[in-house]
Amino acid sequence: MSHSATPAIDEPRLGTRRVGRRRVPRHVAVALPVAVAGLIALLISGNTLRPFERIVTLEARMASKSDFFRDPEVRRLLLRHGIRVDIRRLGSRGIATQSLDGTDVVFPSGQPAAKLVLGRQDRSVRSVRPFVTPLVLGTFRDYADTLVEAGAATPQRAPGGGPTLYYDLDMAAFTGLLDGTDGGRSTADQDGDGRAEGADTWNGIGFDTGGRSNSGRVLVRTSNVCESNAAGTYLSLLAFVANRNTTPGTENVNDPRLAREAVTGLAAKIKPLISLQGMWADEQADSYLSDLGESIAPISLIYEHQYLAHQIAHHDRYGEQDTDRVLLYPTPYALTEPQLISLTDRGDRLVRLLEQDEELRDRAIELGFRVRFSGEDGTSERLNAYLDGHGIQVPAANPDRTKSYEPDLDVLERIITYVGDCPPPVRDAP
């Protein structure tokens, strides 16, 4: 019996399907490292949850010291604490006299305006004076050297004998150059070059050497005395010097009529030193530090911190000091003390932060302020160390420590109103 062959049956084979590998889209690959780096930065800074936290916006009215709160690093530090400051720029006197409804904090640049604000409040307020800054005159080297030759200024010694950034200004001698006359004469040979020129002009006191010329009057460009703390403080300084280094209003205190007449007479004496200057109301430091600064005004009234901040930034950018621009430190000197005043519970947060946060204090030093750490005696040491560490000449303390003290508020208001023909302050409700 024959048997037919049984056909062979192949066992089923198991196969794998080759699946093409999916590539990450190019735009995702490019963005991924940036996202990871951003996440790491947030983790390190402690701001991982910041987008989900509530940011409190404070309504503020601030004068020239608003530049501190407008600084990007200060704004970043405040945001880290959940605070944003919405600033309305206003002169110190305007802050002190206008309605403050809806305002959380104010930051007048000096004590006269701060006292006016505090006197209007019907609640206990929290405030802080975080730093001080001297009033100075910003000028240019050729003009400063001309004042040296005229006997009104003295250069401070620079380390290594290089060009100095700072001069001490004798205000008694300097104010004698501001009235437009030399012993009552409109022309005189003040610089001894054998030519009669306009009295108290730059050429008249010796500027016109080496091909230079400026026949304009020796004047200080100030902001509006009716609005600005800097101009009001400068006015107080002029009054103090004109009153033989005596605070106006401290004489004839037992005779109100004689006291008023003395103040009015003093205001009339110093008015020509101010009213001839145009009462410019814009920001002095911006103009002085601009490329056209010298053509705008030979001398401008500014604060020390504005100049020092410029020098720090200039050195960081170019590796050297700006030796064309120099400072005149008046003698007697005037120190301004800006005061941050809270008007609401929300504003209290900002005051406490400025009192306690070391990073904000350090940033103030980097912006040229003399920060209060342990009272006024300690305000200069940290700043001087910072300047020296960044290649900036440290200003020397003037051996003449005569300080110009501002008069009482009512006396200062009468002088300001007389000199500036200012409208009387509008004292709205708090």
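Read across the sheet, five strands follow the order S2-S1-S3-S13-S4 without closing on themselves; strand pairing throughout is mixed. The sheet is open, and its two edges are formed by strand S2 (83-89) and strand S4 (127-128), each paired on a single side. In this sheet, strand S3 (residues 105-107) lies alongside strand S1 (residues 56-62) in parallel orientation, the contact comprising three bridges. Across the sheet, Arg61 pairs through a bridge with Val106, a residue of S3.

As a further point, take the side chain of Ser223. Examined against the element boundaries, Ser223 turns out to sit in the loop between strand S9 (197-198) and helix H8 (229-242). For Ser223, a relative accessible area of 8% corresponds to the buried category. Within the structure, the side chain of Ser223 is placed 2.7 Å from the side chain of Ser228, a separation counted as a polar contact.

Time to look at the side chain of Asn203. With respect to the helices and strands, the residue Asn203 is situated in the loop between S9 and H8. A distance of 3.0 Å separates the side chain of Asn203 from the side chain of Ser213, its partner in a polar contact. Setting aside its immediate chain neighbours within four residues, Asn203 contacts Asp191, Glu197, Asp208, Ser213, Asn214 and Ser215.

The next thing to look at is helix H5 (residues 111-119). Every buried residue of H5 is listed here: Gln111, Pro112, Ala113, Ala114, Leu116 and Val117. Structurally, H5 contributes buried residues whose contacts are with helix H4 (92-97), S3, H8, strand S13 (340-342) and helix H16 (409-420).

This part takes up the packing of aromatic side chains. As enumerated under the stated definition, the model contains twelve aromatic pairs in all. Ring geometry for Tyr143 against Phe207: centres 4.4 Å apart, planes inclined by 10°, an arrangement best described as stacked. Of the two residues, Tyr143 sits in helix H6 (residues 141-149) while Phe207 sits in the loop between S9 and H8, which places them 64 residues apart along the sequence. Residues Tyr143 and Phe207 agree in their burial class; the two are buried. By the ring-pair criterion, three or more aromatic residues cluster together here, those being Phe68, Phe69, Phe107, Phe131 and Phe369. Above the ring of Tyr303, the side-chain terminus of Lys65 is found at 3.2 Å from the ring centroid. Over the aromatic face of Tyr333 sits the side chain of Arg401, whose NZ or CZ is 4.7 Å from the ring centroid.

Below, the discussion takes up the pattern of salt bridges. One pass over the full model with this rule turns up 20 salt bridges. Across the pair Asp71 and Arg363 runs a salt bridge, and its minimum N-O distance is 2.8 Å. Here Asp71, found in the loop between helix H2 (66-70) and helix H3 (72-80), pairs with Arg363, found in helix H14 (residues 358-366); they are 292 residues apart in sequence, far enough to count as distant. Each member of the pair Asp71 and Arg363 is classed as buried. Among the ionic pairs, Glu197 bridges to Arg195, the shortest N-O distance being 4.0 Å. Overall, the relative accessible area of 13% leaves Glu197 in the buried class. Through salt bridges with shared partners, a single ionic network connects Asp193, Arg195, Glu197 and Asp208.

Looking now at the nonpolar core. Phe69, Leu147, Phe174, Tyr234 and Leu340 are the most contacted members of the largest nonpolar core, which totals 90 residues. Tallying contributions element by element places H8 first for this core, with nine residues. Sequence-distant contacts of Leu147, defined by excluding residues within four places in its chain, comprise Ala152, Ala153, Leu169, Phe174, Leu177, Trp202, Ile205, Ile299 and Leu328. Ranked by size, the runner-up nonpolar core spans twelve residues in total, among them Ile95, Ala96, Ala113 and Val117.

About the criteria used
- Residues numbered from 1 in each chain as written.
- Predicted model: local features only at pLDDT ≥ 70, side-chain atom pairs only at ≥ 80, totals over all residues.
- Heavy atoms only, no water.
- Pairing = 2+ DSSP bridges.
- Helix = DSSP H or I, 4+ residues; strand = E, 2+ residues; numbered from the N terminus.
- Buried < 20%, exposed > 50% of the residue type's maximum accessible area, 1.4 Å probe, protein only.
- Polar contact = N/O pair within 3.5 Å; in protein donor to acceptor, adjacent residues only side chain to side chain.
- Contact = heavy atoms within 4.5 Å.
- Phe/Tyr/Trp six-rings, centres within 6.5 Å; stacked < 30°, edge-to-face > 60°.
- Lys NZ or Arg CZ within 6 Å of the ring centre and 35° of its normal.
- Salt bridge = Lys/Arg side-chain N within 4 Å of Asp/Glu carboxyl O.
- Core = buried A, V, L, I, M, F, W, Y, C linked by side-chain atoms within 4.5 Å.

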